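Observations on chain architecture
For reference, the chains in residue letters:
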Amino acid sequence: MSAATASVDVPEQRRADILWSVKDAAAYLRVPAKTLYEWRYKGDGPPSYRVGRYVRYVPAEVHAWVRSQ
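Predicted, not measured: the structure shown is a model, and the values here were computed from it. (Residues numbered from 1 in each chain as written. Predicted model: local features only at pLDDT ≥ 70, side-chain atom pairs only at ≥ 80, totals over all residues. Heavy atoms only, no water.)

Moving on, we get to the nonpolar core. In terms of nonpolar packing, the biggest core is built from 10 residues, these being Trp-20, Val-22, Ala-25, Ala-26, Leu-29, Leu-36, Val-55, Tyr-57, Val-62 and Trp-65. Every element with two or more residues in this core is listed here: α1 (22-29) and α3 (59-68). When residues in this core are grouped by element, the largest group, four residues, is from α1. When near neighbours in sequence (up to four residues on either side) are disregarded, Ala-26 contacts Val-31, Pro-32, Ala-33 and Leu-36. (Core = buried A, V, L, I, M, F, W, Y, C linked by side-chain atoms within 4.5 Å. Buried < 20%, exposed > 50% of the residue type's maximum accessible area, 1.4 Å probe, protein only. Helix = DSSP H or I, 4+ residues; strand = E, 2+ residues; numbered from the N terminus. Contact = heavy atoms within 4.5 Å.)

Next comes the structure, spelled out in structure tokens:
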């Protein structure tokens, strides 16, 4: 079987599974990215997670945080 004929069924990533970057979350919240970093440092703002060397946000948690404000 050659690589050209082999097919691998990889499910498409569901939209709900996609994590937001700082830039994505900042765009949604309409604040500078620096503000998100400051909120993270102070313990304010939406919940964020470190994934390797990156900070990521779960969109549903950002939406819930906005509703709670």
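That was the structure; now back to the text.
With that settled, the discussion passes to α3. Every buried residue belonging to α3 is among Pro-59, Val-62 and Trp-65, and all of these are buried. In a view along the axis of α3, the buried residues occupy a sector of 120 degrees, so they form one face of it. Those residues of α3 that are exposed and angled more than 90 degrees off the buried face are Ala-60, Arg-67 and Ser-68. (Arc of directions from axis to C-beta.)

Throughout the structure, instances matching the rule amount to two aromatic pairs. Centroid distance Trp-20 to Tyr-28: 5.2 Å. Interplanar angle 45 degrees. Geometry classified as tilted. When the centroid spacing of 5.4 Å and the interplanar angle of 45 degrees are considered together, the rings of Trp-39 and Trp-65 count as tilted. With Trp-39 in helix α2 (residues 33-42) and Trp-65 in helix α3, this pair connects stretches of sequence that are 26 residues apart. Judged by its relative accessible area of 23%, Trp-39 is partly exposed. (Phe/Tyr/Trp six-rings, centres within 6.5 Å; stacked < 30°, edge-to-face > 60°.)

Relative to the assigned elements, Ser-48 resides in the loop between α2 and β1 (49-51). Take Ser-48: its relative accessible area is 18%, and that puts it in the buried class. At 2.5 Å, the side chain of Ser-48 and the side chain of Arg-40 are in polar contact. Non-local contacts of Ser-48, meaning those with residues more than four positions away in its chain, are made with Arg-40, Val-55, Arg-56 and Tyr-57. (Polar contact = N/O pair within 3.5 Å; in protein donor to acceptor, adjacent residues only side chain to side chain.)

Interaxial distance between α1 and α2 falls to 8 Å at its minimum, and their mutual angle equals 105 degrees. Classified by the angle their axes make, α1 and α2 are roughly perpendicular. Here α1 contributes Val-22, Ala-25, Ala-26 and Leu-29 to the contact with α2, which in turn contributes Ala-33, Leu-36, Tyr-37 and Trp-39. When the residues that make up the contact of α1 with α2 are grouped by side-chain class, the tally is eight nonpolar, no polar and no charged. (Axes fitted to C-alpha atoms, helices over the stretch in contact; angles between N-to-C directions. Parallel < 35°, antiparallel > 145°, perpendicular 65-115°, else oblique. Nonpolar A, V, L, I, M, F, W, Y, C, P; charged D, E, K, R; others polar.)

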